[in-house]
Structures are given as structure tokens and as C-alpha cells.
Amino acid sequence: MKKLKVDVAVIGAGTAGLVAYRAARAQGARTVLIERGVYGTTCARVGCMPSKLLIAAAEAAHMMTLAPEFGVYPSTEPGTVRIDGPAVMARVRRERDRFVGFVVEGVDAMPADDKVRGHARFVDPHTLRVDDHTEIDARRIVIATGSSPTLLPTLANVGPGVITSDDVFYWDDLPRSVAVIGTGVIGLEIGQALARLGVRTRLYARGGSVAQLTDPVVLKTATRVLCEELDIHFQSRILRAEQDGIEVVLTTGRHDEAITERFQYVLQAAGRTPNVHDLDLENAGIALDGNGVPLFDPRTMQCGNSHIFIAGDANHERPVLPEAADHGKIAGDNAGRFPDIRPGLRRAPLTAAFTEPNIVTLGASYKALCAPGKSKFAVGQVSFENQGRSRVMLQNKGLLRVYGEYRTGRFLGAEMIAPRGEHIGHLLSWAAQSRLTVDQMLEMPFYHPVVEEGVRTALRDLAANLAKGESDIDPDEVEPGT
Ligand SMILES: Cc1cc2nc3c(=O)[nH]c(=O)nc-3n(C[C@H](O)[C@H](O)[C@H](O)COP(=O)(O)OP(=O)(O)OC[C@H]3O[C@@H](n4cnc5c(N)ncnc54)[C@H](O)[C@@H]3O)c2cc1C
Ligand SMILES: NC(=O)c1ccc[n+]([C@@H]2O[C@H](COP(=O)([O-])OP(=O)(O)OC[C@H]3O[C@@H](n4cnc5c(N)ncnc54)[C@H](O)[C@@H]3O)[C@@H](O)[C@H]2O)c1
């Protein structure tokens, strides 16, 4: 009989046994692990993972049954689907009209005397003129004029083939081909959707930016992942465009080479400009920044010490819907109880581009953390390429990078291109807003098999790097993305 003398014996090489075995060994204990059957754990062999694989297949099958509702039909040719363009766009418009209907109902219910129709301009700090029919003497004013697609001078007056995102959702049918100018959030969301719906789509980027990413490592992964699926011409300049019948002849320049291609539409997705340039703000008595946007306090939305407040895309601070709602509440509250101005609730920043994988940023961005005068910070990361649940779902692409503060161990923010990134983004932004430390986050529950286990891996990496101390990373050595 062989005799063993151990510090710890673990019976069963399942998940618990394996963890127990490693934990015991990490304490320096001489440990054995005893298993009576085949190795591989119940979870991996006959439990969580194969059941999720079956479910992923079932979800794919279920989506196929739902697909006709979207105008997408199974095809007899493997790996292809048949797209009914008019049906796709009919559903987009029908459902859009339903959402719009709720907003319109709310406006209709307002007292008629509360509604003035027309374009407002400042006559003086307290006076607004609406078209030529109404002048309003106002003690306080909230500017909430939103933003409009930025129009590129090279594409001005070309013809009906040059469009913006405002036009897309009125299409009756899917076009044959679209050139998308800009790889920001709008360009990528619409560009990927069109490409997946069978539209010949090419995206042009003047630089190397991808959506809202600023972390160069995530940016590199995102570029690679997106280019596996999409036709993207980075570092391209728009040289000229001409309308030729129902097509636009677009000439772009890349690496000293001019490329000419024909598209049914050229979609300008080169950012949005705050709607503040036709308000006659020079009469408002408030200070403006270099772009003509009023300077304001982001805690109160107040412009200087004035009675004027600015909210939503108009102030260009965080041009996304939840922020517009928060801005509006703060501005409205403060305008209502002026001069009793109070800071309102500002939440941890969170942005999500609904590409697949999702592109998400939250808390402090990499670029903000690299700003001059900022303390050094530690980084942890996980690739989703070998992440269990992501592989199960055939969505194992992407990278998450998480940031932490050396002195306090506090979680600061994250950037990612990740499967189910919209949900990871919420989880992490709640942690950022709660000012949790990385250790506290690691004390939270993580189920199995879930994409969030990848988050735990990144946090563990971050905790380890925080423990190594400040000298380990010098973010200044890495250029932030643009
Ligand atoms: C294609 C696209 C997709 C988007 N997807 C998302 C998303 O998935 N998630 C997200 O959070 N955000 C998204 N956004 C951003 C989001 O839509 C905006 O941040 C938000 O709608 C801004 O709201 P707002 O109230 O500031 O502006 P708006 O809703 O645009 O309201 C401004 C209003 O002011 C009016 N106005 C302007 N000037 C004047 C004037 N002088 N006099 C009178 N009225 C005037 C305008 O007509 C408009 O009705 C998306 C934007 C676009 C374009
Ligand atoms: N999911 C979401 O939350 C969501 C979706 C869509 C839009 N939005 C909001 O709408 C805003 C506007 O979106 P967007 O994609 O238009 O802007 P963006 O700022 O995200 O990206 C603009 C892109 O256009 C490029 N660009 C700028 N000038 C150019 C030029 N002269 N020639 C070629 N390319 C040029 C930029 O390099 C960048 O890639 C976003 O910032 C976001 O706040 C949010």
C-alpha cells in the first residue's frame, strides 16, 4: 500500500474540489485531490456548459422562427438568409411610429396655451422671439435645442444621394449600396446593420477612431474584430462626390491613392453639432466656448451666474439620451426655483454602441485618466476569445480593460468591445458610481457560466496589478486613442 502524508485531502475533482485543492495549496499545504470517476467536472461535462450550448442553438433556431417578423427569411442555401427590404423597413417605420405616437399623445395632452410653435431666437437675455409671430419675456430660460448631423463641406450640394441618419428611417426599401462616412457610434451601428442586411456597405474613417473608444489596446482589438466583418477604409479622406442618376460617384484618398466607387447613398455620420448657432446667442449675455456653445456648470446646468440653463445634446457634454433626461431635470428644477440653484444628480458616465459585439465605456475613460496631472492608475484586462460562455454563444470576440486607483484600490472605469457589453457596462458603472474598490467588487456574486466571469478575470488581473504597486504601469508611455 502506497502511503501519502498530506496537509489536505480533497475528495472530488469537481468545481468545488478543484477550487479547494488550489486554495489549500496556495496556503502552502501539501494537498491531494481524490476523484472516483472521469475528470472534467459535472458542470463542463454534463451540466452548465453543454446545456448553454444547447440553449444557444435553440436561441438561433428561435430567432429563425421570429426572423420573418423582421423581414428576414431562412434560405435553402446554407449560411444565407433572404432579406425582404420593404418588409424590414416597414417594421422599422411601424414600430418607430408607435414610439413616436406615445410622445405625441403626451404633447397633445398639454394645455394649448402652454405650447408655442416656431423657431426661437434671443432678442436679449430675457426676450425670445418665435418666428415672427411671438415674443416671449422670460425670467429664466432653458436651452434644450438638441443637435443635428454635422454636414461635410465636400459633400455639400451633391444631390439627393448624400444623406444623414435622419433620412435612413424613412426608407421604404433597403438600398443596394451605402458608403458610410465616419466610424463613430452612428456610422458603426447603422453600417453594421446594413451590411448584415445584405446591403453593400463600406465605411470610411478619416483616422483610426472606433466609436467612443479612447483606450489604444481596446481600440486595436475593436478595429480587428470589426474589420473581420465590415469593409472599413481607415485613414481615408473624402476628395469629391458627384450625383450621377440614382448613384453617387465617391472619390476618396488613402495612402496617396485615389479610389472611386459608386454607391446608391453616401451617409454622413461625422458627428453631431449642437443646435446653438441659430439662436442669436450673442444677444443672450452669456459666455460661449470656442465652438459657440454656452459655458455652463455641469452640476447645475446654469450658464455662468445667469438665469439661462442648457441641457441635452445642445451643451454637448454627454450627448446620449439618459444624460439629456438628467440634464433636463436639473435644468428644469433649477430654472423653476431660481435663484436657489442646487446641484442635481449626475451619474457615472456610461455609453454603449449597439454594434455586435457592443462597444462600451463607463466611469473615467482611459483618455481622461491619462490627462496631465492625473495620478497613475493600474489596468486589468480580459480577452473574450477564450471566455467560456462567450464561446458557447459563438460570440467569443473582444477585450475588456478595467482601471483602478493605486492608493485606494478604487475601481475607476472601463472600456470594452464585448459580447453582452451593454449589461457589463451597467454592472461596472454601478460599481464606479458606488465607489467600490476592486476587492469589494470581487466579493460580489458571480454566477456560472456567464460572460461576467470574464469581468471577474479582468478584475482579478487589476487587483494583482494594483498589488504590485505604482511603478508597474506608466500610462504616459501609451498614447490614448483619438
Ligand atoms: C441615429 C442616432 C441613434 C442614437 N442612439 C442612441 C442610443 O441608442 N442611446 C442613447 O442614449 N442615445 C442615442 N442617441 C443620442 C440621443 O438621441 C440624443 O442624445 C438625445 O435624443 C438628445 O436629446 P435632446 O433633448 O438633447 O435633443 P432633441 O431630442 O433633438 O430635442 C431638441 C429639440 O429642440 C428643437 N429645436 C432646436 N432648435 C430650436 C429652436 N431654435 N427653437 C425651437 N426648437 C428648437 C428640435 O427641433 C428638437 O425637437 C442617438 C442619436 C442618433 C442621431
Ligand atoms: N448607442 C448610442 O448611444 C448612440 C448611437 C448613435 C448616436 N449616439 C450619439 O450621437 C452622437 C453622434 O454620433 P456620430 O457617430 O455622428 O459621431 P461620433 O462623434 O461618435 O463619430 C464621428 C465620426 O466621424 C468622423 N469624422 C468627423 N469629421 C469627419 C470628416 N470631416 N471626415 C470624415 N470623418 C469625419 C470621426 O473621426 C468619427 O469617427 C454620438 O456622440 C452619441 O452621443 C449615441
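Residues numbered from 1 in each chain as written. Chains lettered and ligands numbered in written order. Predicted model: local features only at pLDDT ≥ 70, side-chain atom pairs only at ≥ 80, totals over all residues.

**Examining the overall build of the protein**
- Helix and strand counts for the protein come out as 13 helices and 24 strands.
- Considering only C-alpha atoms, the protein reaches an extent of 105 × 65 × 55 Å along its principal axes.
- Counting the 482 residues in the protein, one finds 33% classified as buried.
- Here the contacts in the protein between residues at least 6 apart in sequence split such that 61% fall between residues at least 24 apart. (Helix = DSSP H or I, 4+ residues; strand = E, 2+ residues; numbered from the N terminus. Buried ≥ 20, exposed ≤ 12 C-beta atoms within 10 Å, placed from the backbone. Contact = placed C-beta atoms within 7 Å.)

**Section: the site of ligand 1**
- Close to ligand 1 lie 18 residues; T145, G146, G312, V320 and L321 are nearest.
- Considering only residue class, the shell around ligand 1 consists of 10 nonpolar, six polar and two charged. (Near = placed C-beta within 6 Å. Nonpolar A, V, L, I, M, F, W, Y, C, P; charged D, E, K, R; others polar.)

**Structural notes on the sheet that holds strand β6 (residues 127-130)**
- Pairing within the open sheet is antiparallel, and its three strands lie in the order β5-β6-β7. Sheet topology places β5 (120-124) and β7 (134-137) at the edges, where each strand pairs with a single neighbour. Going across the sheet, the axis of each strand differs from the next one's by a mean of 30°, ignoring polarity.
- Here four bridges tie β5 to β6, and the two strands are oriented antiparallel to one another. Paired with A120 across the strands is V130, a residue of β6. (Pairing = 2+ DSSP bridges. Axes fitted to C-alpha atoms, helices over the stretch in contact; angles between N-to-C directions.)

**Quick word on the pairing of strand β22 (residues 377-383)**
- Taking burial as the measure, the seven residues of β22 include six buried ones, the bulk of the element.
- Strand direction decides the pairing type here: β22 and strand β23 (residues 399-405), joined by seven bridges, are antiparallel. By the bridge assignment, F377 is partnered in β23 with E405.

**Digging into unusual backbone geometry**
- The amide bond that connects E356 to the next residue, P357, takes the cis arrangement and shows omega of -5°.
- Within the secondary structure, P357 is located in the loop between β20 (350-353) and β21 (358-363).
- Look at the link from H448 to P449: it is a cis peptide, with omega at -5°.
- Here P449 is to be found in the loop between α12 (438-442) and α13 (452-468).
- In this structure, D131 is a non-glycine residue whose phi angle is positive, near 45°.
- Mapping D131 onto the fold places it in the loop between β6 and β7.
- Phi at M301 is positive, roughly 70°, even though this residue is not glycine.
- Within the element layout of this structure, M301 appears in the loop between β18 (272-274) and β19 (308-310).

**Section: the sheet that holds β20**
- Strand order in the open sheet made by the five strands is β20-β21-β24-β23-β22, with antiparallel pairing throughout. A strand with exactly one partner marks an edge of an open sheet, and here the two such strands are β20 and β22. Between one strand axis and the next, the sheet turns by 10° as a mean value, whatever way the strands run.
- The pairing of β20 with β21 spans four bridges and is antiparallel. Pairing of A353 across the sheet is with I359, part of β21.
- Each of β21, β23 and β24 (411-418) is contacted by helix α7 (residues 216-229), which is oriented at about 15° to β24, the strand it contacts most.

**Comments concerning the environment of G71**
- Within the fold, G71 resides in the loop between α3 (48-66) and β3 (72-74).
- When near neighbours in sequence (up to four residues on either side) are disregarded, G71 contacts I83, D84, A87, V88 and R91.

**A few points about the domain arrangement of the protein**
- When the domains of the protein are assigned, the result is domain 1 (2-37 + 118-149 + 273-337), domain 2 (153-271) and domain 3 (350-468).
- Using C-alpha coordinates to define each centre, domain 1 is positioned 18 Å away from domain 3. (Domains from an automatic or database assignment.)

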